Amino acid sequence: MESRTKEEEVYAGVDVSKARLDAALRPEGDAFEAANDQDGVDSLVARLGEARPRLAVVEATGGLERPLAAALAAARIPVAAVNPRQARDFARSCGVLAKTDRIDAAILARFGEAVRPEPRPIPDAEAREFSAILARRRQIVEMLTAEGNRLGSTSSKPVEKRIRAHMEWLEGELARTDGDLDAAVLSSGAWRENEALLKSVPGVGPVLARTLLAELPRARARRPLAQAARLPRRSRPRKPPLRQEAREAPDVGRVRSVLYMGPLVATRHNPEMRAFYERLLAKGKPKLVALVACMRKLLTTLDAIL
């Protein structure tokens, strides 16, 4: 086995909260903290730069980790942002039930040393902007759906009037957001080229294409999204319970929500996909199982094209 220096064997874990950064190193066991502001980030990155860790592990905490992760990447310190559920499950497997910021940092360092997750690049500002606009579009669509449900259940004329007025405003917002997406795509040659490639596949429309562009910004980040085209292991296809859906990675859920429509269109207008779908039905596969298989095939095709 190839020998390693002590410096190469260092792994760092950083617990990120709104006000503070707690860091831990393995195998030394050193621990230190800094304020979660620009000075604190610079101080922590300098300290980790001296330790020269093979990998720094942070939790993906809704964006709080991004400034630190970007600073670590800029300092050429490999960094991996992991799902908090993964880190918590790892802690339980190690018999660690207590939860403090310092303990969490030590667990993240231990996770990095044991699991060695693959470092992933941080999406650039252009990708984050595009993803933010797309997220806003999803929110508007969800609000329109909710208001439509309320409209169908109300018997009050004044309430109905206000709901319709709100839906009209939301539809205007949706149109303006689609305009923002168009402008974002047109302003970038890479976005234009990739969108055209995706939309060249029958069954792929602008919503699916742009969702994939936002959720697959880096080649290394694409692999886990294959989970989006997979049914949970069970004896018969049915909607998974809410608790199971809640445990899915956010990016998987977002892609799954728009990916269902692609195979439906593709099985009608894409001869290859239609033949694949009909072969599965001929083998006795339930329609939902066959459709999910088409979804996976479509996602694999799109990933290969990109």
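Parameters at a glance
- Residues numbered from 1 in each chain as written.
- Predicted model: local features only at pLDDT ≥ 70, side-chain atom pairs only at ≥ 80, totals over all residues.
- Heavy atoms only, no water.
- Helix = DSSP H or I, 4+ residues; strand = E, 2+ residues; numbered from the N terminus.
- Buried < 20%, exposed > 50% of the residue type's maximum accessible area, 1.4 Å probe, protein only.
- Contact = heavy atoms within 4.5 Å.
- Areas by Shrake-Rupley, 256 points an atom, 1.4 Å probe, with all protein chains shown as cover.
- 1 Å grid on protein atoms, 1.4 Å probe; cavity = no way out; pocket = protein on both sides within 12 Å on 5 of 7 lines; lining within 4 Å.
- Points joined across faces, edges and corners; volume = space filled by probe spheres on them.
- Nonpolar A, V, L, I, M, F, W, Y, C, P; charged D, E, K, R; others polar.
- Expected span 1.5 Å × (residues − 1).
- Pairing = 2+ DSSP bridges.
- Axes fitted to C-alpha atoms, helices over the stretch in contact; angles between N-to-C directions.
- Salt bridge = Lys/Arg side-chain N within 4 Å of Asp/Glu carboxyl O.
- Core = buried A, V, L, I, M, F, W, Y, C linked by side-chain atoms within 4.5 Å.
- Patch = residues over 30% accessible without salt bridge, like charges linked within 9 Å, V, L, I, M, F, W, Y side chains within 5 Å.

(A) Broad picture of the overall build of the protein. Secondary structure summary: the protein contains 13 helices and 5 strands in total. Per-residue burial for the protein yields a buried fraction of 36% across its 306 residues. Relative to all contacts within the protein whose residues are 6 or more apart in sequence, the contacts with residues 24 or more apart total 62%. In the form shown here, the protein has an accessible surface area of approximately 17,500 Å², with 52% of it arising from carbon and sulfur atoms.

(B) Seen up close, empty space enclosed by the protein. According to the stated counting rule, one finds 1 cavity of 30 Å³ or more in the structure shown. Considered as a void within the structure, the largest cavity measures approximately 30 Å³ in volume. Lining the largest cavity are Asp22, Ala23, Ala31, Phe32, Glu33, Arg102 and Ala105. Contributing elements (two or more residues each) for the lining of the largest cavity: strand S2 (20-26), strand S3 (31-35) and helix H4 (101-115). Element by element, the count of residues in the lining of the largest cavity is highest for S3, at 3 residues. Residues of the lining of the largest cavity, tallied by class, amount to 4 nonpolar, no polar and 3 charged.

(C) Representation of H4 within the structure. Between its first and last C-alpha atoms H4 spans 20 Å; for 15 residues at 1.5 Å apiece the expected length is 21 Å, and the two agree. Along H4, the residues classified as buried are Asp104, Ala105, Ile107, Leu108, Ala109, Phe111 and Gly112. Here the buried face of H4 lies against strand S1 (11-16), S2, strand S4 (55-59), strand S5 (79-82) and helix H3 (84-93). Looking one or two residues past H4, Arg116 carries a phi angle of roughly 55 degrees, positive in sign.

(D) View of the sheet that holds S4. Taken in spatial order, the 5 strands line up as S3-S2-S1-S4-S5 in an open sheet, and their pairing is mixed. Two strands in the sheet have a free side with no partner beyond their single neighbour: S3 and S5. On average, each strand axis in the sheet is inclined to that of its neighbour by 20 degrees, with strand direction left out of account. Summarising the sheet, S1 and S2 pair through 6 bridges and their orientation is antiparallel. Residue pairing across strands places Asp15 opposite Asp22, the latter belonging to S2. Against the sheet, helix H2 (residues 66-74) touches S1, S2, S4 and S5, its axis set at about 155 degrees to S5.

(E) Summary view of the pattern of salt bridges. In the structure shown here, the tally under the stated rule is 15 salt bridges. A salt bridge links Arg85 to Asp89, with the nearest nitrogen and oxygen atoms 4.0 Å apart. Taken together, the residues span about one helical turn, with Arg85 and Asp89 both in helix H3 at a distance of 4 residues. Residue Arg85 is classed as partly exposed on the basis of its relative accessible area, which comes to 36%. For Arg92, the salt bridge goes to Asp89, with nearest N and O atoms at 3.1 Å. Taken together, the residues Arg92 and Asp89, both in helix H3 and 3 residues apart, mark about one turn of the helix. A residue is classified by how much of its surface remains accessible, and Arg92, at 49% relative accessible area, is partly exposed.

(F) Representation of the nonpolar core within the structure. Of all hydrophobic cores here, the largest spans 29 residues; its most connected members are Phe130, Leu198, Val204, Leu298 and Leu302. At the level of elements, helix H5 (125-153), helix H6 (157-186), helix H7 (189-199), helix H8 (206-215), helix H12 (271-282) and helix H13 (287-305) are the ones that each hand at least two residues to this core. Once you skip the residues sitting within four places of it in the chain, Phe130 turns out to touch Leu181, Ala184, Val185, Trp191, Arg210, Leu213 and Ala214. Val41, Leu44, Leu48 and Leu72 belong to the second largest nonpolar core, which has 21 residues in total.

(G) Representation of a nonpolar patch on the surface. On the surface, Met261, Leu264 and Val265 cluster together to form a nonpolar patch covering roughly 230 Å² of accessible area. Taking relative accessible area as the criterion, Val265 reaches 32% and is therefore assigned partly exposed.

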